[in-house]
Amino acid sequence: MLRPDYPIRTARLVLRPFAESDLDDVHDLRSRPEVSRYLYGEPLSRDEAREFLGGRMEAVALEKEGDSLALAVVVPRLGRVLGQVSLNWRSAEHAQGEVGFVFHPDAQGHGYATEAAAQMLRLGFEGLGLHRVYGRCDDRNTKSAAVMERLGMRREAHLVENGVFKGEWGSELVYAVLAREWKERQA
Ligand SMILES: CC(C)(COP(=O)(O)OP(=O)(O)OC[C@H]1O[C@@H](n2cnc3c(N)ncnc32)[C@H](O)[C@@H]1OP(=O)(O)O)[C@@H](O)C(=O)NCCC(=O)NCCS
């Protein structure tokens, strides 16, 4: 069970639950073809963004396996929501979680995704007591793979054509970090 105290502040960012007033920012982020290129799903219309936001607003705690924590990332310097990070509780029995991150092009290239995702690892290991957190990305998504490497995650697998992605065979990279590896890096 994990219900973090909000907001979560990092050196340069604020992580907090999504709110209805985030619709413009969420639509701006999730309607961009370049942002959704390697994500499941297509760019969102405004109505789709509203529905998406409604689901994310409820994802504020991890109470049972299958729950997701989805947080808005505010860059105070720029005064709006420019990213989202997530932690999904994939298995209670095996203490496994999955991290995810999506950032607006205006906020890329500053280390914000790495800074925000590091908090999700902290919540997963310290808050929920996970044993392993993994992340997956399309094997062409070099920027996502680079975030996971900066987080200290190991490349565990290159799954070749393991699924159909946007109408063609897609290949995925799997990265992961164990609790003991994460603790060693903090020391
Ligand atoms: C994946 C994604 C979040 C990566 O964003 P990003 O801005 O490249 O990642 P970071 O925030 O870690 O920033 C790293 C970059 O900032 C630079 N940087 C500048 N200041 C930095 C700092 N203080 N700390 C770390 N990096 C810094 C790094 O050198 C790096 O630049 P480079 O790509 O030219 O080498 C982004 O590309 C994205 O949202 N893509 C679309 C959605 C998506 O595919 N999500 C992943 C799904 S699996």
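What comes next is a walk through the structure. Just so it is clear, the structure is predicted and the values come from calculations on it, not from any experiment.

Turning our eyes to something else, we now look at the pairing of strand E8 (residues 168-178). With respect to burial, E8 is a largely interior element, 9 of its 11 residues being buried. Strand direction decides the pairing type here: strand E7 (residues 154-165) and E8, joined by 8 bridges, are antiparallel. Across the sheet, residue His 158 finds its bridge partner in E8, namely Leu 173. The hairpin formed by E7 and E8 contains 2 residues between the paired strands, and Lys 166 there has a positive phi angle of roughly 50°.

Let us look at the site of the ligand. Taken together, the neighbourhood of the ligand is formed by 20 residues, with Phe 103, Gly 109, Ala 113, Thr 114 and Asn 141 sitting nearest. Measuring from an oxygen atom of the ligand, one finds a backbone N or O atom of His 110 at 3.2 Å. Here Lys 143 contributes a side-chain N or O atom positioned 3.4 Å from an oxygen atom of the ligand. Protein chains bury 69% of the 950 Å² of accessible surface belonging to the ligand in isolation.

Definitions and limits used
- Residues numbered from 1 in each chain as written.
- Predicted model: local features only at pLDDT ≥ 70, side-chain atom pairs only at ≥ 80, totals over all residues.
- Heavy atoms only, no water.
- Buried < 20%, exposed > 50% of the residue type's maximum accessible area, 1.4 Å probe, protein only.
- Helix = DSSP H or I, 4+ residues; strand = E, 2+ residues; numbered from the N terminus.
- Pairing = 2+ DSSP bridges.
- Near = heavy atom within 4 Å.
- Polar contact = N/O pair within 3.5 Å; in protein donor to acceptor, adjacent residues only side chain to side chain.
- Areas by Shrake-Rupley, 256 points an atom, 1.4 Å probe, with all protein chains shown as cover.

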